[in-house]
Structure formats: structure tokens, C-alpha cells
Amino acid sequence: MSVSGSQGGERLDAFMGRANAAYYARLDPFADFVTAPEISQIFGEVLGAWCAVVMRGLPVAPGSSVRLVEAGPGRGTLMADMLRVLARLAPDCLTGLSVHLIETSTRLRKAQGEALAQCGVSVCWHDVLSDVPPGPMVLVANEFLDALPIRQFVRTETGWQERFVQNGQWSLLECADVPPEVTGRGEVAGDVVEISPASAGFVRDVAERLRREPGVALFIDYGTATSCVGESLQALRQGRPVSALVEAGTADVTAHVDFASMARAAQEAGAVCYGPDGQGDLLRALGAVQRAEALCRSAPEQAGALRSGLDRLIGPDRMGRLFKALAIASPEVATVPGFSEKTAGEQQ
Ligand code: SAH
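Residues numbered from 1 in each chain as written. Predicted model: local features only at pLDDT ≥ 70, side-chain atom pairs only at ≥ 80, totals over all residues. Heavy atoms only, no water.

Draft legend 1. Up close: helix 10 (residues 288-298). Among all positions in helix 10, only Ala288, Ala292, Leu295 and Cys296 are buried. When helix 10 is viewed along its axis, its buried side chains cluster within an angular range of 100° and face the same direction. Away from its buried face by more than 90 degrees, helix 10 exposes Gln290, Arg297 and Ser298. Buried residues belonging to helix 10 abut helix 3 (41-57), helix 9 (279-285) and helix 11 (303-314). (Buried < 20%, exposed > 50% of the residue type's maximum accessible area, 1.4 Å probe, protein only. Helix = DSSP H or I, 4+ residues; strand = E, 2+ residues; numbered from the N terminus. Arc of directions from axis to C-beta. Contact = heavy atoms within 4.5 Å.)

So this is what it looks like as C-alpha cells:
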């Protein structure tokens, strides 16, 4: 069965990959959605402090060339906030540090270059993780995995069908080789199961690198802690939901991240996982509330905005619970700040 150009249309993951590449290349995604680093500087600041603790705990000689990597850095706000904190609180961590941004959109690369123009650290861009030079690595990725393509399978009375996109409509094709993680999930006719081989592949590449070289990766995104049944594909245009099948490239198309399957991919590749924990729990554990109060004391006129930004990030009914954080570490890394326990799994 071909992925695109077949009679049944274009397979959903091929459509979504094409749609998002066109969307991020042409449009300003921040007209359509707001992400945590854009909501409050507190997000990037506490993650900057997290980076400092992680870097100091890496089993590497002081001054080693550590790669600080971000996947899908958007406007560059998170990286700028993290580097500002590192420069202020942990300047020792900047020695030997280089910043590597994995970003395919030329337009967003330009915005990131502007945001990081004064950061005082070498910054380079890559299309894929494998282009980041070897060495110890700390990687962060906020709302990156949700933008990677998914496949959708629909359970019928007689078996499984896969969703394709044809002229802005769904088409269903019989599927002979249904992946095992799909067949184990849906049972009732009408059940929809989503998988994201692209996200699992990215996480696996990160984990394989962390098995070979010391480091930690932190993925934050909206999604589920377990692999469940149901569809989450969504599209936003100018902040409003639209059909995900609209003309490719005119809306941001995303899906919930299945953190259980991300953790499985990382563990199978030989890395150790922590979480997923709620974003609210992680940010609290990293001192977001205290940081907000300190900012309120030094800028009382902004206290209202600071507190409401914090509430949006950590409130359980806001982003605090739906958004989750999964850390992936080299086996020789003893702990990951902000997380209490290693994730259970066959490899540990
Ligand atoms: N992390 C940012 C932006 C999230 S939007 C924030 O929190 O504000 C998703 C980001 O991932 C954008 O920068 C987009 O261009 C990038 N992106 C999407 N698909 C990608 C891919 N396949 N490879 C690299 N970057 C990608």
C-alpha cells in the first residue's frame, strides 16, 4: 500500500507531515496558539535552573563540551530564558556549552536567531538530531512531539482499516499489516487508535544517543500517561478549531502525545525514564511558585499578570495536568531534578 498518491488518497501521517512543514514554513504559529514559554518567563527560568542541576550532575569532566539541544524551539523564547538564568545563576555551566536547535522552518530559525543574538553562546541549527555533534547532551522539547505526524486506525466488525486523506475528506483503506501496538488496544467496532511512529522514532534516537553518551532529555507536551483508545487529532487556525483536513499548510495540526509509548521506546533503546508527571507537579517541584513570588516582590505592578501566568501553567484545570513531562536519562545519571521516581519498565 503506498503512503501517498494512491487511489485511496494520502496516508494521514504523510498528509500531516506535509501540512505542518508547509504551515511552519509560511505562517506564524503563535497567531494560532500560545505555548508555556510565551505565557510566562517563569517556565523557561525554572527549566534553566533544572538544566544547571542536570549539567552539574553529568558524569563528565568539568568544562567538557556539553550540547544544550532544543527540538522545535518556536520563537526561541524558552532557550533565551534558560540561557539568561544559566548566565546569572550558573555561569560555570556555560564553559564549553554550545546550543543546538533542531528546527526545519527557515522562518522560525530567523526568529530564533534574533531571540538568541545576545546570548553569548555559540548557536547552530540542524534539521535532525543525528546532525548534532557527538558529546554529552541536555535536550529540551516543549510542544514538539505533538506536531509530529500520526497514523489512525479504525476498528471495524471484520478487522482494522487505516485513515487516508483524499480531497479534504477521510477515506478508509483495509490494512493488512496492522502494527501490534494497535491490535492490542481497540476492541469494539468504531474504536480509533492513534500511533505516532515519527514521535517514537525521535524519542528512540534521543534514547540511543543517551545510552552511548551521558545526558538527559526532557519532553513536555499535552497528552496521556497511558496508551488509550480515541482520537485527538486537532487543528487550529487563528486560535479556533478547524477541520484537520483543511488545505494542507493553513492550520496547525497536532495530536495528543502517548507518553506511555514514548517511555517504552526510550526504555527499549536502553535509556532510563522518569515520569510522565503533570507539568504542574514538575514546575512546582522546581520552585515555580517561589520564583513567581520573588518576581512579584521586585515588580509589584506586574504581580497580577505574573500570578495569572503561573496559574495557567500549573493549575490542574489549566495546563498543569493535561500537559505532562517525561525525562529520559543515560543509565549512569543518578537522578533527574523535579522527578521522584524512575518509570517502571522491562529494561530497569
Ligand atoms: N517549543 C516552542 C514551539 C512549539 S511549536 C514553544 O514552546 O513555544 C513546534 C515547533 O516545532 C516549531 O518550532 C516547528 O517549526 C518545529 N517543528 C515541527 N515539526 C518539526 C520537525 N519535523 N522537525 C523539526 N522541527 C519541527
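Draft legend 2. Representation of the packing of helix 3 against helix 10. The interhelical angle for the contact between helix 3 and helix 10, taken along N-to-C directions, is 120°, at an axis separation of 10 Å. Comparing their axes, helix 10 and helix 3 come out oblique. As for the relative orientation of helix 3 and helix 10, their crossing is right-handed in sense. Contacts between helix 3 and helix 10 involve Gln41, Ile42, Glu45 and Val46 from the former and Ala288, Arg291, Ala292 and Leu295 from the latter. (Axes fitted to C-alpha atoms, helices over the stretch in contact; angles between N-to-C directions. Parallel < 35°, antiparallel > 145°, perpendicular 65-115°, else oblique. Left-handed = near helix turned anticlockwise from the far one by under 90°.)

Draft legend 3. A look at the nonpolar core. Residues Trp50, Met55, Leu68, Leu83, Leu86, Val138 and Leu218 are the most contacted members of the largest nonpolar core, which totals 54 residues. A total of 9 residues in this core trace back to one element, the largest contributor, which is helix 3. Ignoring anything within four residues of it in the chain, the contact list for leucine 68 reads Cys51, Met55, Met79, Met82, Leu83, Leu86, Leu97, Ser98, Val99, His100 and Val138. Counting 30 residues, the second-largest nonpolar core is a separate cluster that includes Val69, Val203, Ala269 and Ala271. (Core = buried A, V, L, I, M, F, W, Y, C linked by side-chain atoms within 4.5 Å.)

Draft legend 4. Region of interest: the layout of surface pockets. A volume near 470 Å³ is recorded for the second largest pocket. Lining the second largest pocket are 28 residues, and of these Glu194, Ile195, Ser196, Asp258 and Ser261 sit closest to its centre. When contributions to the lining of the second largest pocket are tallied by element, the ones reaching two or more residues are strand 9 (192-195), helix 7 (197-212), strand 14 (257-258) and helix 8 (259-268). Ranked by residues supplied to the lining of the second largest pocket, first place goes to helix 8 with 5 residues. In terms of residue class, the lining of the second largest pocket is made up of 12 nonpolar, 8 polar and 8 charged. (1 Å grid on protein atoms, 1.4 Å probe; cavity = no way out; pocket = protein on both sides within 12 Å on 5 of 7 lines; lining within 4 Å. Points joined across faces, edges and corners; volume = space filled by probe spheres on them. Nonpolar A, V, L, I, M, F, W, Y, C, P; charged D, E, K, R; others polar.)

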